[in-house]
Amino acid sequence: MQLRVFGRTGMQFSVLGFGCGAVGGLMVRGDPADQERTIARAIAAGVNYFDTAVQYGDGASEENLGRVLQKLKPADVVVGTKVRVPPGESIAGAVTTSLEGSLARLGLDRVDIFHLHNPVTETGGGSALSVRQVLDDVVPAFERLRAQGKIGFLGMTAVGDTAALRQVIDARAFDSAQIVYNMLNPSAAEKLPTNYPAQDYGGLFDSTRAAGVGVVGIRVLAGGALSGSAERHPIAGPAPEPIGSAMSYDTDVDRARRLMPLVKEGFADSLTEAATRFALSHPAMGTILVGMATPHQFEDALAAVQKGPLPQAALDRLSALRQAFSGEPR
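Residues numbered from 1 in each chain as written. Predicted model: local features only at pLDDT ≥ 70, side-chain atom pairs only at ≥ 80, totals over all residues. Heavy atoms only, no water.

Asks: What exactly am I supposed to notice about the overall build of the protein chain here?
Replies: For the protein chain, the count of helices and strands is twelve helices and twelve strands. For the protein chain, whose C-alpha radius of gyration is 19 Å, the value lies close to the compact-globule estimate of 20 Å for 330 residues. By principal-axis analysis of the C-alpha atoms, the protein chain measures approximately 55 × 45 × 35 Å. When contacts within the protein chain are restricted to residue pairs at least 6 apart in sequence, long-range pairs at least 24 apart make up 74% of them. As displayed, the protein chain has an accessible area near 12,800 Å², and 51% of this comes from carbon and sulfur atoms. Charged side chains in the protein chain number 31 positive and 34 negative. The centres of these two groups are separated by 2 Å. (Helix = DSSP H or I, 4+ residues; strand = E, 2+ residues; numbered from the N terminus. Rg over C-alpha atoms; globule rule 2.2 N^0.38 Å. Contact = heavy atoms within 4.5 Å. Areas by Shrake-Rupley, 256 points an atom, 1.4 Å probe, with all protein chains shown as cover. Lys, Arg positive; Asp, Glu negative; His and termini not counted. Charge placed at Lys NZ, Arg CZ, Asp CG, Glu CD.)

Asks: Sorry, what's going on with the environment of A225 here?
Replies: In this structure, A225 sits in the loop between β11 (214–218) and α8 (249–257). Residue classification places A225 among the buried residues on the basis of a relative accessible area of 0%. Between the C-alpha atom of A225 and that of Y181, which follows or precedes it by 44 residues, the distance is 13 Å. Filtering out sequence-adjacent residues up to four positions away, A225 remains in contact with Y249, D252, V253 and A256. (Buried < 20%, exposed > 50% of the residue type's maximum accessible area, 1.4 Å probe, protein only.)

Asks: What's the story with the packing of helix α6 (residues 162–170) against helix α7 (residues 204–211) in this structure? I'm lost.
Replies: Relative to each other, α6 and α7 sit at 10°, their axes nearing to 9 Å. Overall, the two elements α6 and α7 adopt an arrangement that is roughly parallel. Only L204, S207, T208 and A211 of α7 make contact with α6, whose side of the interface consists of L165, R166, I169 and D170. By residue class, the composition of the contact of α6 with α7 is four nonpolar, two polar and two charged. (Axes fitted to C-alpha atoms, helices over the stretch in contact; angles between N-to-C directions. Parallel < 35°, antiparallel > 145°, perpendicular 65-115°, else oblique. Nonpolar A, V, L, I, M, F, W, Y, C, P; charged D, E, K, R; others polar.)

Asks: Please clarify how the environment of A230 should be interpreted in this entry.
Replies: The topology assignment puts A230 in the loop between β11 and α8. It is 25 Å that separates the C-alpha atoms of A230 and T52, two residues lying 178 residues apart in sequence. Contact partners of A230, with chain neighbours within four places excluded, come to Y249, V253 and R257.

Asks: Would you mind going over the packing of helix α2 (residues 32–45) against helix α3 (residues 60–72) with me for this structure?
Replies: A pair of packed helices is captured by two measures, namely the crossing angle of their axes and the spacing between those axes. At a minimum axis separation of 10 Å, α2 and α3 run at an interaxial angle of 60°. In terms of orientation, α2 lies oblique with respect to α3. The two elements α2 and α3 meet at a crossing, and its hand is right-handed. Here P32, Q35, E36, I39, A40 and I43 of α2 lie close against α3, whose contacting residues are N64, L65, R67, V68, L69, K71 and L72. Classifying every residue of the contact of α2 with α3 by side-chain character gives eight nonpolar, two polar and three charged. (Left-handed = near helix turned anticlockwise from the far one by under 90°.)

Asks: Sorry if this is basic, but what is going on with the pairing of strand β9 (residues 151–157) here?
Replies: Walk down a regular strand and you will see the side chains alternate between the two sheet faces. Within β9, seven of the seven residues are buried, which leaves the element mostly enclosed by the surrounding structure. Here five bridges tie strand β6 (residues 111–116) to β9, and the two strands are oriented parallel to one another. Residue pairing in the sheet places F114 in a bridge with L154 of β9. With three bridges connecting them, β9 and strand β10 (residues 176–180) associate as parallel partners. (Pairing = 2+ DSSP bridges.)

Asks: Just checking my understanding: could you explain the packing of aromatic side chains for this structure?
Replies: Two aromatic rings, taken as a pair, are described by how far apart their centres are and by the angle between their planes. Taken as a whole and judged by the stated rule, the model has nine aromatic pairs. Ring geometry for F142 versus F174: centroids 6.3 Å apart, planes at 80°, classification edge-to-face. Of the two residues, F142 sits in helix α5 (residues 131–147) while F174 sits in the loop between α6 and β10, which places them 32 residues apart along the sequence. Each member of the pair F142 and F174 is classed as buried. Through successive ring pairs, a cluster of aromatic residues spans F6, F13 and Y49. Over the face of the ring belonging to F325 we find R255, whose NZ or CZ atom lies 5.7 Å from the ring centre. (Phe/Tyr/Trp six-rings, centres within 6.5 Å; stacked < 30°, edge-to-face > 60°. Lys NZ or Arg CZ within 6 Å of the ring centre and 35° of its normal.)

Asks: So what exactly am I meant to see when it comes to the pattern of salt bridges here?
Replies: For side chains of opposite charge, pairing can occur when their charged atoms come near one another. The tally for this structure, following the rule as stated, stands at 20 salt bridges. Residue R110 is joined to D112 by a salt bridge in which the shortest nitrogen-to-oxygen separation is 3.2 Å. Exposure remark for R110: the relative accessible area of 37% places this residue in the partly exposed category. What emerges from the salt-bridge pattern is a single network uniting R8, E143, R146 and D175. (Salt bridge = Lys/Arg side-chain N within 4 Å of Asp/Glu carboxyl O.)

Asks: Sorry if this is basic, but what is going on with the sheet that holds strand β3 (residues 16–19) here?
Replies: Where strands meet in a sheet, backbone hydrogen bonds hold them as pairs that are either parallel or antiparallel. Strand order in the closed barrel formed by eight strands is β3-β4-β5-β6-β9-β10-β11-β12, with parallel pairing between adjacent strands. With strand direction ignored, the average angle separating the axes of adjacent strands in the sheet is 30°.

Structural measurements only, silent on function.
In C-alpha cells form, the structure reads like this:
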C-alpha cells in the first residue's frame with residue numbers, strides 16, 4: 001500500500017482510506033462479523049486511516065468502529081471523526097459535547113483528526129457556518145481540545161461556497177480538508193469547461209498545497225453514481241444527495257454511463273475502478289475514502305488502488321468525454 005505524507009502533519013496516510021459512512025453502509029447497518037473481517041483485511045493490506053462521524057447512523061458507525069478496533073488492537077492506525085454544530089447552539093459547547101460522545105463511542109482517549117462537518121459560507125445561516133464563525137469560534141474550541149490532548153489535528157469538510165472554503169483554508173488554521181474530487185467534478189484540481197454543470201471548486205488543491213493542508217478525497221465515487229448503476233445494495237443508504245456535481249443522483253448516474261468508453265477502450269475494467277484510480281491521480285491527494293456495503297466492495301477498491309493512478313492517456317480521454325456535459329442543466 002502506497003503511503004503519502006499528509007500535509008504538514010508529518011503523518012503518512014495510506015492512499016486508500018476506510019470510509020465508515022452511511023452511504024456505503026457496512027459500518028452502520030452491516031453484519032458485525034463482516035465489519036470485523038473487512039477492517040482486519042484492510043489493516044493487513046496497509047490501510048491506516050479510518051474515517052467516521054457521529055452523523056453516520058446516529059453514532060452506530062463510531063460504536064462499531066470502536067468495537068472492532070478495541071478487539072483487533074492494531075498498531076498505528078489513524079482515526080478521524082467529525083462534529084456538526086446544530087443551528088443556534090453554542091459552538092464551543094456543541095463541539096466539546098460532540099467530541100466527548102464520539103470518544104466514548106469509539107473507546108478512545110483522543111482522535112487523530114477532528115473535522116468540522118458543517119458547510120461553510122460567507123455569511124452562514126441554516127446548517128452552514130460563516131467564515132468568521134469558523135475562524136473565531138470553531139478553531140479556538142478545537143484548539144482547546146487539542147491542548148487537552150483529546151484531538152491531534154484540526155480538520156474541515158470542504159463543502160459550502162468555494163470562496164468561503166478558500167478563505168478558511170488560506171487562514172492555515174486547519175491541518176486537513178475533506179474535498180470533493182471525482183471524474184464528474186475535478187475542479188479542485190483543474191479548470192472546468194465553460195458552462196460545466198457542477199460546482200466550481202476553483203483549484204482548491206492549490207490552496208491546500210500552499211497552506212500545507214492534507215487532503216482527504218471524498219465522494220470519489222459520487223456517492224455510488226460512478227458505478228454507472230442506480231441500483232443500491234440492501235444495506236447501503238438510499239441514493240444520496242449529490243455534493244458538487246448534478247442536482248440529482250440520477251443525473252450523475254446518467255453522466256457516469258457516458259464515461260463508459262474508458263472501460264470499453266481498456267483503460268479500466270469497470271467505472272468504479274476508473275473512478276478510484278482517477279482520485280489517486282493527483283499528487284495533492286493524501287488519502288481517498290471509498291464507502292462500501294460489503295467485504296467484496298472493499299476488495300474491489302483495494303484491487304483498483306493496487307493498479308495505481310490512471311495513465312495520462314486515460315485522463316486525456318476522460319477530459320474529452322466530459323466536454324460533452326458543458327451547457328447541460330445541472
